Amino acid sequence: MMLKELREKVYEANMDLPKHGLVVFTWGNASEFDRESGLFVIKPSGVDYDKLSPESMVVCDLDGKVVEGDLNPSSDTPTHAYLYREWGDKIGGVVHTHSAWAVSWAQAGRDIPAYGTTHADYFYGPIPCMRGLTEEEIEEAYELNTGKVIVEGFAERDIDPIAVPAVLVRNHGPFTWGKDADAAVYHAVVLDEVAKMAARTEMLQDGVAPAPQYLQDKHYLRKHGPNAYYGQGGAH
Ligand SMILES: O=C(CO)[C@@H](O)[C@@H](O)COP(=O)(O)O
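Residues numbered from 1 in each chain as written. Predicted model: local features only at pLDDT ≥ 70, side-chain atom pairs only at ≥ 80, totals over all residues. Heavy atoms only, no water.

1. Here's the deal with the overall build of the chain
Along the backbone of the chain there are eight helices and eight strands. For 236 residues, the compact-globule estimate of 2.2 N^0.38 gives 18 Å, and the C-alpha radius of gyration of the chain, at 17 Å, lies within 12% of that figure. Its C-alpha atoms give the chain principal-axis dimensions of about 50 × 40 × 35 Å. Long-range contacts, defined as pairs at least 24 residues apart, comprise 65% of the intrachain contacts of the chain with a sequence gap of at least 6. (Helix = DSSP H or I, 4+ residues; strand = E, 2+ residues; numbered from the N terminus. Rg over C-alpha atoms; globule rule 2.2 N^0.38 Å. Contact = heavy atoms within 4.5 Å.)

Pasting the structure below:
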């Protein structure tokens, strides 16, 4: 894909974040990876959404180094780059937000259980909460790279990133991914909705509610679920 076209796609994906109420001010970021060139395009750091343009998007290589662009790339670029290096054969878009319900579960340090089919239609099992970076890791690397924690956490817990295209990073917030930036935004929207439903379920249940086991292990509707990956139902 031509970089001009990719910049436009990533710009539109970033503009969908405030449109769906997932971010305020300059929080959050979206990117998309072009396998052919081995480059990805990401939102610039610290720029208000109403000041963004396709031309302000930043082109980076898989080391997270700027290849084209006048502005600094998002402070989460190391995480996006790591996810593309490790999962770039599976995913083509990454989104990070500070959406309030998902961040609440991340700050509580809890996985989001699959309490119902709305969750299970998109995420085939609980949405995991991985540990945040330690002070030493941040000091040492001087970058916000939670990609290693995410990828190693999925491997340790034997979670397929295609089946569960979302993660909570403790005391930080959610990352989602998909076949492209649009699919990653789609999963970010659904993630915050199911995070809200799960929180309310526990409020109504006055604590942890019973979560049907069949929704935790594998999805009984997998063949019909609208998971943006499997291109069925509400294929996205
Ligand atoms: O939470 C953080 C930094 O702690 C970032 O995800 C968020 O502020 C977005 O930063 P960028 O504007 O993308 O650099």
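2. Topic: the site of the ligand
Not every one of the 13 residues close to the ligand is listed here, only the nearest: S45, G46, S74, S75 and D76. A distance of 3.0 Å separates an oxygen atom of the ligand from a polar side-chain atom of N29. At a separation of 2.9 Å, an oxygen atom of the ligand approaches a polar side-chain atom of H98. Tallied by class, the residues present in the shell around the ligand amount to one nonpolar, ten polar and two charged. (Near = heavy atom within 4 Å. Polar contact = N/O pair within 3.5 Å; in protein donor to acceptor, adjacent residues only side chain to side chain. Nonpolar A, V, L, I, M, F, W, Y, C, P; charged D, E, K, R; others polar.)

3. Observations regarding the pattern of salt bridges
Applying the stated criterion across every chain yields a total of twelve salt bridges. Where K9 meets D180, a salt bridge forms, and the shortest distance between an N and an O atom there is 3.5 Å. Of this pair, K9 sits in helix α1 (residues 3-19) while D180 sits in the loop between β8 (173-178) and α7 (181-205), and the two are 171 residues apart along the sequence. D180 sits in the buried class, given a relative accessible area of 18%. Between K148 and E152 there is a salt bridge, and its shortest N-O distance comes to 2.8 Å. With a gap of four residues between them, K148 and E152 both fall in helix α6 (residues 147-156), about one helical turn apart. Here E152 falls in the partly exposed class, since its relative accessible area comes to 34%. Through salt bridges that share partners, K9, E32 and D180 make up one connected network. (Salt bridge = Lys/Arg side-chain N within 4 Å of Asp/Glu carboxyl O. Buried < 20%, exposed > 50% of the residue type's maximum accessible area, 1.4 Å probe, protein only.)

4. A closer look at the environment of E36
Note on placement: E36 falls in the loop between β1 (29-34) and β2 (39-42). As a C-alpha pair, E36 and G92 span 56 residues in sequence and 11 Å in three-dimensional space.

5. Things to note about the packing of aromatic side chains
Working definition: an aromatic ring pair is given by the centre-to-centre distance plus the angle between the planes. In this structure the tally under the stated criterion is seven aromatic pairs. When the ring of F33 is compared with that of Y84, the centres are 5.0 Å apart and the planes differ by 25°; the resulting orientation is stacked. Taken together, the residues span a long stretch of sequence, with F33 in strand β1 and Y84 in helix α2 (residues 77-87) at a distance of 51 residues. Considered together, F33 and Y84 belong to a single accessibility category, that of buried residues. Each ring, one from Y122 and one from Y186, has its centre 5.9 Å from the other, and the planes form 55°; the classification is tilted. Of this pair, Y122 sits in the loop between α4 (117-120) and β6 (129-130) while Y186 sits in helix α7, placing them 64 residues apart in sequence. (Phe/Tyr/Trp six-rings, centres within 6.5 Å; stacked < 30°, edge-to-face > 60°.)

6. Considering the pairing of β2
Alternating positions in β2 separate into two faces, L39 and V41 on one and F40 and I42 on the other, with burial throughout. Between β1 and β2, which pair antiparallel in sequence order, lie four residues; one of them, G38, sits at a positive phi of approximately 70°. As paired elements, β2 and strand β3 (residues 58-61) share four bridges and run antiparallel to each other. Each bridged residue has a counterpart across the sheet, and for F40 the counterpart in β3 is C60. (Pairing = 2+ DSSP bridges.)

7. Let's talk about the sheet that holds β1
The eight strands are arranged β4-β3-β2-β1-β5-β8-β7-β6 in an open sheet whose pairing can be described as mixed. A strand with exactly one partner marks an edge of an open sheet, and here the two such strands are β4 (66-68) and β6. As paired strands, β1 and β2 are joined by four bridges and run antiparallel to one another. The residue bridging D34 from the neighbouring strand is L39, located in β2. Sitting on the sheet, α7 is in contact with β1, β5 (93-96), β7 (166-169) and β8, with an inclination near 140° to β8. (Axes fitted to C-alpha atoms, helices over the stretch in contact; angles between N-to-C directions.)

8. Focus on the packing of helix α3 (residues 100-108) against α7
Where α3 contacts α7, the two axes come as close as 7 Å, and the packing angle between them is 60°. Overall, the two elements α3 and α7 adopt an arrangement that is oblique. For the pair α3 and α7, the crossing hand works out as left-handed. Residues A100, W101, A102 and W105 of α3 form the contact with α7, whose participating residues are L191, D192, A195, K196, A198, A199, R200, E202 and M203. Residue composition of the contact of α3 with α7, by class: nine nonpolar, no polar and four charged. (Parallel < 35°, antiparallel > 145°, perpendicular 65-115°, else oblique. Left-handed = near helix turned anticlockwise from the far one by under 90°.)

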